[in-house]
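# Fold and contact review
Now for the letters of each chain:
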Amino acid sequence: MMIKTLRNSLVALLAALPLLAMAAPAAHEVVQKTTDTLLADLKANKDEYRKNPDAFYKSLNEILGPVVDVDGISRSVMTVRYSREATPEQMTRFQENFKRSLMQFYGNALLEYNNQDIRVIPASGKQDPQRTSVNMEIRDGKGTVYPLSYTMVAMDGTWKLRNVVINGINVGKLFRDQFAQSMQNNRNDLDKVIDSWADTVAKARQARGTQ
């Protein structure tokens, strides 16, 4: 009887292995893997990136792009008030401009820190299966610690980035305020706001001292 029970248990365990292998990684695992890849790339190419920030932004897009919910973030920045009036072409154009500006904003923040070390803080307590925050710390060469937080949402069997808070700067809120102000400045001309988005973000970076 005992042998039969052990055999049945072993069969059940072996049958479950494929399911375990296919289980989606946790939000912290996605962030940790992405961070490790980012730091390795930054360490190997830091000098080049300081001379050629565009190359850094391109690399950031390749590393972070697959885990960023561009559609969700851009619609949040545009808000329902404007996104429901935008054409599919306008939304696509804004998403591309937004993604580029996000990489530039994030890239400028990272390039500021010499010999930086980014530590992903382990999860504590029960995690929401649909939305969670992954907290990190960036330590510069002088030992100063800057908090960094990713808001992650469950999508398509994995976790994707919905917002970033860098040293107290809520990037999503900052961009949302900038978008609303730009719409006001451009008399609600959505095309002008979309086409001038890079300049809008550049001014925001300068105002916040992130460039």
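In this text the structure is predicted, and so the values were computed from the model without any measurement.

## Overview of the nonpolar core
Among the nonpolar cores identified, the biggest contains 54 residues, and Y106, Y150, M152, F175 and F179 are the most heavily contacted of them. With 10 residues, helix 5 (residues 88–111) is the largest single contributor of residues to this core. Apart from the residues lying within four places of it in its own chain, the contact partners of F175 are V77, F98, S101, L102, F105, W197 and V201.

## As for empty space enclosed by the protein
Under the criterion given, the structure shown has 3 cavities of 30 Å³ or more. Lining of the largest cavity is provided by V30, V31, T34, L64, V67, Y150, M152 and L161. Of all the secondary structure elements, the ones that give two or more residues to the lining of the largest cavity are helix 2 (27–51) and strand 3 (145–155). Counting residues per element, the lining of the largest cavity draws most heavily on helix 2, at 3 residues. The class makeup of the residues in the lining of the largest cavity is 7 nonpolar, 1 polar and no charged.

## Points about the pattern of salt bridges
Evaluation of the coordinates by the stated rule reveals 7 salt bridges. Across the pair R93 and D191 runs a salt bridge, and its minimum N-O distance is 2.6 Å. Here R93, found in helix 5, pairs with D191, found in helix 7 (residues 190–195); they are 98 residues apart in sequence, far enough to count as distant. By relative accessible area, R93 is classed as partly exposed at 21%. Between E137 and R119 there is a salt bridge, with its nearest N and O atoms 3.2 Å apart. One end of the pair, E137, is in strand 2 (residues 131–139); the other, R119, is in strand 1 (residues 117–120), with 18 residues separating them in the sequence.

Thresholds, definitions, all that
- Residues numbered from 1 in each chain as written.
- Predicted model: local features only at pLDDT ≥ 70, side-chain atom pairs only at ≥ 80, totals over all residues.
- Heavy atoms only, no water.
- Core = buried A, V, L, I, M, F, W, Y, C linked by side-chain atoms within 4.5 Å.
- Buried < 20%, exposed > 50% of the residue type's maximum accessible area, 1.4 Å probe, protein only.
- Helix = DSSP H or I, 4+ residues; strand = E, 2+ residues; numbered from the N terminus.
- Contact = heavy atoms within 4.5 Å.
- 1 Å grid on protein atoms, 1.4 Å probe; cavity = no way out; pocket = protein on both sides within 12 Å on 5 of 7 lines; lining within 4 Å.
- Points joined across faces, edges and corners; volume = space filled by probe spheres on them.
- Nonpolar A, V, L, I, M, F, W, Y, C, P; charged D, E, K, R; others polar.
- Salt bridge = Lys/Arg side-chain N within 4 Å of Asp/Glu carboxyl O.

Take it as geometry only, folks, not as evidence of what the structure does.
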